[in-house]
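In case you want the letters, here they are:
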Amino acid sequence: MTAELRQFERDARVTRLLHETFISRLEEAAVQQGAKTPDSRIISAATPGKQVAPRSGLIMFLGVIAGAALGLGIILVQQIRQSAVPAGADLEMATSVPVLGHLRLAPIRQHSRLVGYLSTNSTSPLSEAARNLRTSVLSPNSDAQPQVILCTSSVPDEGKITMSIALAQSLAGLGRSVLLVEADIRSLSFR
């Protein structure tokens, strides 16, 4: 009986080994088969619809707006850069009126201190420009010397008072009698 029992035990071990081999091969086959089959499946067929992205109409609209804004920005920058008064020769060609002089910006902002500045700084660019303007106004080519000089402009802060004071100071330096009247219609005051 022991011999038969040993035979059954060997047969059981062989059967167990075969069983384990078949199980491992079955698992390997399942893994390989799973690798070949896709994880997705078709639920329904595709149907024609409307385009979702990119939104070409919106992109074109924004492109037109951005292009217009850029163009207006370039034009605005050019206008700001060209808003300065052109050179004398350019101004004469544009208006057909001779330019008698060009005064530099005064370093003094208070009109009450401008006469003192012109007296003490007789070689300043502003004083020199005022003398050149005086020479142009009193030019020997004219038949009669001007008795009245009017200085005006269409907008405020263009330097009318500064130019008037500088020209009056320069004319007074020649020994001329000068009466300077400031009549600012915008502020309704006479000084």
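Residues numbered from 1 in each chain as written. Predicted model: local features only at pLDDT ≥ 70, side-chain atom pairs only at ≥ 80, totals over all residues. Heavy atoms only, no water.

1. Examining the overall build of the chain
For the chain, the count of helices and strands is six helices and two strands. Within the chain, buried positions represent 13% of all 191 residues. Contacts in the chain between residues at least 24 apart in sequence constitute 48% of all its contacts with a sequence separation of at least 6. Accessible area of the chain: about 16400 Å², with a carbon and sulfur share of 60%. (Helix = DSSP H or I, 4+ residues; strand = E, 2+ residues; numbered from the N terminus. Buried < 20%, exposed > 50% of the residue type's maximum accessible area, 1.4 Å probe, protein only. Contact = heavy atoms within 4.5 Å. Areas by Shrake-Rupley, 256 points an atom, 1.4 Å probe, with all protein chains shown as cover.)

2. Some thoughts on a positive patch on the surface
A surface patch of positive charge is lined by R6, R10, R13 and R16. Assignment of secondary structure puts R10 in helix α1 (residues 2–36). (Patch = residues over 30% accessible without salt bridge, like charges linked within 9 Å, V, L, I, M, F, W, Y side chains within 5 Å. Salt bridge = Lys/Arg side-chain N within 4 Å of Asp/Glu carboxyl O. Lys, Arg positive; Asp, Glu negative; His and termini not counted. Charge placed at Lys NZ, Arg CZ, Asp CG, Glu CD.)

3. Considerations on helix α4 (residues 111–120)
Residue pairs spaced three or four apart in an α-helix point in one direction, given the helix's 3.6 residues per turn. Where α4 is concerned, the buried positions are L114, Y117 and L118. Projected onto a plane normal to the axis of α4, the buried residues spread over an arc of 95 degrees and lie on a single side. Summarising the geometry of α4, the exposed residues directed more than 90 degrees from the buried face are S112, R113 and T120. Buried residues along α4 sit in contact with α5 (125–137) and α6 (160–173). (Arc of directions from axis to C-beta.)

4. Points about the packing of α4 against α6
In the contact formed by α4 and α6, the axes pass within 10 Å of each other and the chain directions differ by 40 degrees. With respect to each other, α4 and α6 are oriented oblique. The handedness of the crossing between α4 and α6 is right-handed. Judged by residue contacts, H111, L114, V115, L118 and S119 of α4 engage I161, T162, I165, A166 and Q169 from α6. The residue makeup of the contact of α4 with α6, split by class, is six nonpolar, four polar and no charged. (Axes fitted to C-alpha atoms, helices over the stretch in contact; angles between N-to-C directions. Parallel < 35°, antiparallel > 145°, perpendicular 65-115°, else oblique. Left-handed = near helix turned anticlockwise from the far one by under 90°. Nonpolar A, V, L, I, M, F, W, Y, C, P; charged D, E, K, R; others polar.)

5. As for the packing of α5 against α6
Helix-helix packing is described using two parameters, namely the angle between the two axes and the distance between the axes. Contact geometry for α5 and α6: axes closest at 9 Å, N-to-C directions at 70 degrees. Considered as vectors, α5 and α6 are oriented roughly perpendicular to each other. In this structure, α5 contributes A130, R131, L133 and R134 to the contact, and α6 contributes M163, A166, L167, S170 and L171. Class assignment of the residues belonging to the contact of α5 with α6 gives a composition of six nonpolar, one polar and two charged.

6. Digging into the pattern of salt bridges
Following the criterion strictly, the structure yields one salt bridge and no others. For R131, the salt bridge goes to E128, with nearest N and O atoms at 2.7 Å. Separated by three residues within a single helix, R131 and E128 lie in helix α5, roughly one turn from each other. E128 gets classed as partly exposed once you look at its relative accessible area, which sits at 37%.

7. What about the confidence of the model for the chain?
Within the chain, residue pLDDT values average 80, and 87% of them lie at 70 or more. Within the chain, helix α2 (residues 56–82) carries the highest mean pLDDT (90), whereas strand β2 (residues 189–190) carries the lowest (54). (pLDDT = per-residue confidence, 0-100.)

8. Remarks on α5
The end-to-end C-alpha separation of α5 is 18 Å, in line with the 18 Å expected for 13 residues at 1.5 Å each. Listed in full, the buried residues belonging to α5 are L126, S127, A129, A130, L133, R134 and V137. Buried residues of α5 fall within an arc of 160 degrees about the axis and therefore sit on the same side. Looking at the buried positions of α5, the neighbouring elements they touch are α4 and α6. (Expected span 1.5 Å × (residues − 1).)

9. A short note on a nonpolar patch on the surface
On the surface, L58, F61, L62 and I65 cluster together into a nonpolar patch covering about 390 Å² of accessible area. Checked against the element boundaries, L62 lands in helix α2. Accessibility expressed as a relative area gives 48% for L62, which makes it partly exposed.

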